[in-house]
Amino acid sequence: MVLPATSTNNVKVYTVSGSNLSRKIPDWLARRKRRELQKDIEWTTRIELIQDFGFPEASLRIKATPDGEFCMATGVYKPQIRVYDFAHMSMKFDRHTDTENVNFLILSDDWTKTVHLQSDRTLEFHNEGQMHFRARIPKFGRDLAYHSPSCDVLVGGASSEVYRLNVEQGRFLSPFQTQTSSGINAVRVNPAHQLFGFGTEDGTVEFWDPRARNRIGVIEPTLPNILQPVSGTRGGFEISALDFRGDGLGTAVGTSSGHVLLYDLRQARPWQIKDQQYGLPIKTLKWIEPTKNTYSGDSADTEGAKILSADSKIIKLWAVESGRPFTSIEPPNDINDVCVVSNSGLMFVANEGMEIQSYYVPQLGPAPRWAHFLENLTEEMEESPTQTIYDDYKFVVRRELESLGLAHLIGSPVLKPYMHGFFVDLRLYERAKAIANPFAYEEYRLRRVQEKLAEARESRIRATTKLPKVNRALAQRLLQLQKAEKAKRLSEDADEQAMGDSSAEEDGDNRFQDMFANPEFEVDEEDDEFKQLHPTMSKR
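The model shown is predicted, which means the values in this text are computed figures rather than measured ones. (Residues numbered from 1 in each chain as written. Predicted model: local features only at pLDDT ≥ 70, side-chain atom pairs only at ≥ 80, totals over all residues. Heavy atoms only, no water.)

Overview of the overall build of the chain
Move 1: When helices and strands are tallied, the chain shows eight helices and 33 strands.
Move 2: Burial analysis of the chain (540 residues in total) assigns 45% to the buried set.
Move 3: For the chain, the share of sequence-separated contacts (at least 6 apart) that also reach a separation of at least 24 residues comes to 49%.
Move 4: When the accessible surface of the chain is summed, it comes to about 29,800 Å², and 48% of that surface belongs to carbon and sulfur atoms. (Helix = DSSP H or I, 4+ residues; strand = E, 2+ residues; numbered from the N terminus. Buried < 20%, exposed > 50% of the residue type's maximum accessible area, 1.4 Å probe, protein only. Contact = heavy atoms within 4.5 Å. Areas by Shrake-Rupley, 256 points an atom, 1.4 Å probe, with all protein chains shown as cover.)

So, the environment of Ser181
Move 1: Summarising the element assignment, Ser181 is placed in the loop between strand 14 (171-177) and strand 15 (184-189).
Move 2: Residues Ser181 and Glu201, spaced 20 residues apart in sequence, show a C-alpha to C-alpha distance of 8.1 Å.

Examining the pattern of salt bridges
Move 1: Here the structure, examined in full by the defined rule, presents 14 salt bridges.
Move 2: The shortest N-O distance in the salt bridge between Asp152 and Arg164 comes to 3.5 Å. Of this pair, Asp152 sits in strand 12 (residues 152-157) while Arg164 sits in strand 13 (residues 161-166), and the two are 12 residues apart along the sequence.
Move 3: Residue Asp152 is classed as buried on the basis of its relative accessible area, which comes to 5%.
Move 4: Judged by relative accessible area, Arg164 falls into the buried class, the value being 7%.
Move 5: Measuring nitrogen to oxygen at the nearest pair gives 3.3 Å for the salt bridge that ties Arg427 to Asp425.
Move 6: Overall, the relative accessible area of 60% leaves Arg427 in the exposed class.
Move 7: One connected set of salt bridges, linked through shared partners, spans Asp98, Glu124 and Arg134. (Salt bridge = Lys/Arg side-chain N within 4 Å of Asp/Glu carboxyl O.)

Considering helix 5 (residues 426-436)
Move 1: Along helix 5, the residues that are buried comprise Leu426, Tyr429 and Ala432. Taken around the axis of helix 5, the buried residues stretch over an arc of 125 degrees, which confines them to a single face. Facing away from the buried surface of helix 5 by more than 90 degrees, the exposed residues are Arg427, Arg431 and Ile435.
Move 2: The inward-facing, buried residues of helix 5 abut strand 22 (272-275), strand 31 (393-397), helix 4 (398-404) and strand 33 (421-425).
Move 3: Capping the start of helix 5, Asp425 holds a side-chain oxygen 3.0 Å from the backbone nitrogen of Arg427, two or three residues further along. (Arc of directions from axis to C-beta. Polar contact = N/O pair within 3.5 Å; in protein donor to acceptor, adjacent residues only side chain to side chain.)

Re the nonpolar core
Move 1: Within the largest apolar cluster, 25 residues are counted, with the highest numbers of intra-cluster contacts made by Leu49, Ile62, Leu346, Phe348 and Leu374.
Move 2: Only strand 2 (11-17), strand 4 (70-76), strand 28 (346-351) and helix 3 (374-380) provide two or more residues apiece to this core.
Move 3: Broken down by element, the residue count for this core peaks at three residues, all from strand 28.
Move 4: Residues in contact with Leu49, not counting those within four places in the same chain, are Val16, Ser17, Met89, Leu346, Phe348, Ser358, Trp370, Ala371, Phe373 and Leu374.
Move 5: Judged by nonpolar contacts, the second largest core, of 17 residues, contains Leu308, Ile315, Ile329 and Val340. (Core = buried A, V, L, I, M, F, W, Y, C linked by side-chain atoms within 4.5 Å.)

Focus on unusual backbone geometry
Move 1: For the bond running from Val76 to Tyr77, omega is -10 degrees, close enough to zero to count as cis.
Move 2: Its place among the elements puts Tyr77 in the loop between strand 4 and strand 5 (80-85).
Move 3: Of note in this structure, Asn343 is not a glycine but carries a positive phi near 55 degrees.

A short note on the pairing of strand 2
Move 1: In terms of burial, strand 2 is a largely internal element, six of the seven residues being buried.
Move 2: Inspection of the sheet shows strand 1 (residues 5-8) paired to strand 2 by four bridges, in the antiparallel sense. Bridge assignment links Thr6 to a residue of strand 2, and that residue is Val13.
Move 3: Connecting the antiparallel pair strand 1 and strand 2 is a turn made up of two residues, with Asn9 showing a positive phi of about 60 degrees. (Pairing = 2+ DSSP bridges.)

Focus on the packing of aromatic side chains
Move 1: In total, this model carries 13 aromatic pairs according to the counting rule given.
Move 2: Their ring planes at 10 degrees and their centres at 4.3 Å tell us that Phe86 and Trp370 sit as a pair that is stacked. Of this pair, Phe86 sits in the loop between strand 5 and strand 6 (90-96) while Trp370 sits in the loop between strand 29 (357-360) and helix 3, placing them 284 residues apart in sequence. Just as Phe86 is buried, Trp370 falls in that class too.
Move 3: With a centroid separation of 5.5 Å and an interplanar angle of 65 degrees, the aromatic rings of Phe395 and Phe423 are classed as edge-to-face. Taken together, the residues span a long stretch of sequence, with Phe395 in strand 31 and Phe423 in strand 33 at a distance of 28 residues.
Move 4: What links up through ring pairs into an aromatic cluster is the set Phe53, Tyr84, Phe86, Phe348 and Trp370.
Move 5: Positioned above the aromatic ring of Phe140, the side-chain terminus of Arg121 is 5.6 Å from the ring centre.
Move 6: Stacked on the ring of Trp318, the Lys or Arg Lys274 has its end atom at 5.9 Å from the ring centre. (Phe/Tyr/Trp six-rings, centres within 6.5 Å; stacked < 30°, edge-to-face > 60°. Lys NZ or Arg CZ within 6 Å of the ring centre and 35° of its normal.)

Thoughts on the sheet that holds strand 8 (residues 114-118)
Move 1: On the basis of which strands lie adjacent, the open sheet formed by four strands has the order 7-8-9-10 and antiparallel pairing. The sheet terminates laterally at strand 7 (101-106) and strand 10 (131-136), the two strands that pair on one side only. Each neighbouring strand pair of the sheet contributes to a mean axis angle of 20 degrees, computed without reference to strand direction. (Axes fitted to C-alpha atoms, helices over the stretch in contact; angles between N-to-C directions.)

Comments concerning the side chain of Lys274
Move 1: With respect to the helices, strands and loops of the structure, Lys274 is situated in strand 22.
Move 2: At 2.9 Å, the side chain of Lys274 forms a polar contact with the backbone oxygen of Gly323.
Move 3: When residues no more than four places from it in sequence are discounted, the contact partners of Lys274 are Gly258, His259, Val260, Trp318, Gly323 and Asp392.

With respect to the side chain of Thr255
Move 1: Mapped onto the elements, Thr255 comes out in strand 20 (residues 250-255).
Move 2: Given a relative accessible area of 0%, Thr255 falls into the buried group.
Move 3: Sequence-distant contacts of Thr255, that is, excluding residues within four places in its chain, are made with Leu223, Phe237, Glu238, Ile239, Ser240, Leu261, Leu280, Pro281 and Ile282.

A short note on the confidence of the model for the chain
Move 1: Residues of the chain with pLDDT of at least 70 account for 81%, and the chain-wide mean is 81.
Move 2: Predicted confidence is poor over residues 294-302, with pLDDT under 50, and the contacts of this stretch with residues over four places away or in other chains come to 22 contacts.
Move 3: Overall, residues 496-507 carries pLDDT values under 50, and its contacts beyond four positions in sequence, including any with other chains, amount to 24 contacts. (pLDDT = per-residue confidence, 0-100.)

Here's the deal with the sheet that holds strand 32 (residues 416-418)
Move 1: Strands sit in the order 31-33-32 across an open sheet of three strands; the sheet is antiparallel. Two strands in the sheet have a free side with no partner beyond their single neighbour: strand 31 and strand 32. Pairwise comparison of adjacent strand axes, ignoring direction, gives a mean angle of 35 degrees for this sheet.
Move 2: Sheet topology note: the strand 32/strand 33 ladder contains three bridges and is antiparallel. Residue Tyr418 lies in a different strand from strand 33, and its bridge partner there is Gly421.
Move 3: Packing of helix 5 onto the sheet brings it into contact with strand 31 and strand 33, and relative to strand 33 it is tilted by some 95 degrees.

Printed below as a string of structure tokens:
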């Protein structure tokens, strides 16, 4: 058995569990077939870092406890909560819930006190034995945070208000009224000075002081080559993720367009902008500080802090100061959440698959204490790593180069030939695209208007033609003839209905009513006598 390993920028990433590495046995598999798996070499030599590390359908969220001894995950189906013990590397218990989980927080050092934001507008507080308390919020929630000095649980959702539930008093307090017109996607509390940050659907980030309970600042990010929708946000995108650095100054902002912006709270402009290159909303942002025992590679940028940004397709790590890509991970299934084990290079990925993926990056940090064997295991069982190149480049063909006006660069070091096209720097590609098509906004606006009109037409209630069960084909032909005649005299009688009722006798008298109601008058068009009488009749 070998461990799958990939290498981006000479940074090795090991898949220590998940994917096809440890196949999961479904619960419905017969015991007889389980015995047959003993002859399967791949199954008998599998590696499971944590036993039963997954869910029947998909995992939604995963977080490690502050003490580093447990991790909690939520998933489906049925909706449930699972807690895993790192010391025993197995599942401690599972607990079922009524609805799916949106997000949750761990309030204590271990797993005994948690709060869960559910999809049915409820907040559930769980202790070590059961669900302790349940409260309902007015609007559907999207994210939540906990302010420990005041014991307030902050919940943002499909409203301009941020709801506050005080855990000590056991009641709701007056909500924060933000200036957004739609909703709040991300809620965070600065760990250094307890500043509140709210990422809105309008594309802004509002900062609130918990002492004054007022807004003290706002950031309105702008991105180049991002087109603003007809009726949408201010900058053409939403704030989908938000995270504060431990020093109290750094702020990472993720957008629905797949961009990550790094801010200093003392400045209004970002000092770093990175594109995820998939155009998908950023789901997870994390600041990763360097550890003391970090493995030092030759060409990898291991100095300084790094940012982990993840959308539904890829996880990217890059340096904070220089913006250089560190490594990237592409799980086989869509990503829902990412959890990095504290002071280590091990990360868990909740995804749309049955198993929770586990990846180990030695150059990011050492193996955790409870899984110290990973450092030796990865070297012994490593397979040949797959090299990945051109991380920040865009692949274009010759025809696209000519349309962008970059054909004169063929043969220069700017374009790197590869297969039937070339790799070009992503920044150069975006600038050339903006210059070559300066009217992209007008085209986008017209296309959006046409899409809105098409959606409006689809939502209208249309008249349906009900044909009789007897002589359906004949009734269809008669209705088409009536439709053509009524179209000619539409100017004379505008109030007359075009289709009428379900039968063809509605425009005439009732003498032929039985022809479309009595089965004895059914005309068999497949009969030989009928075909001889109507040899040239077209069948529709």
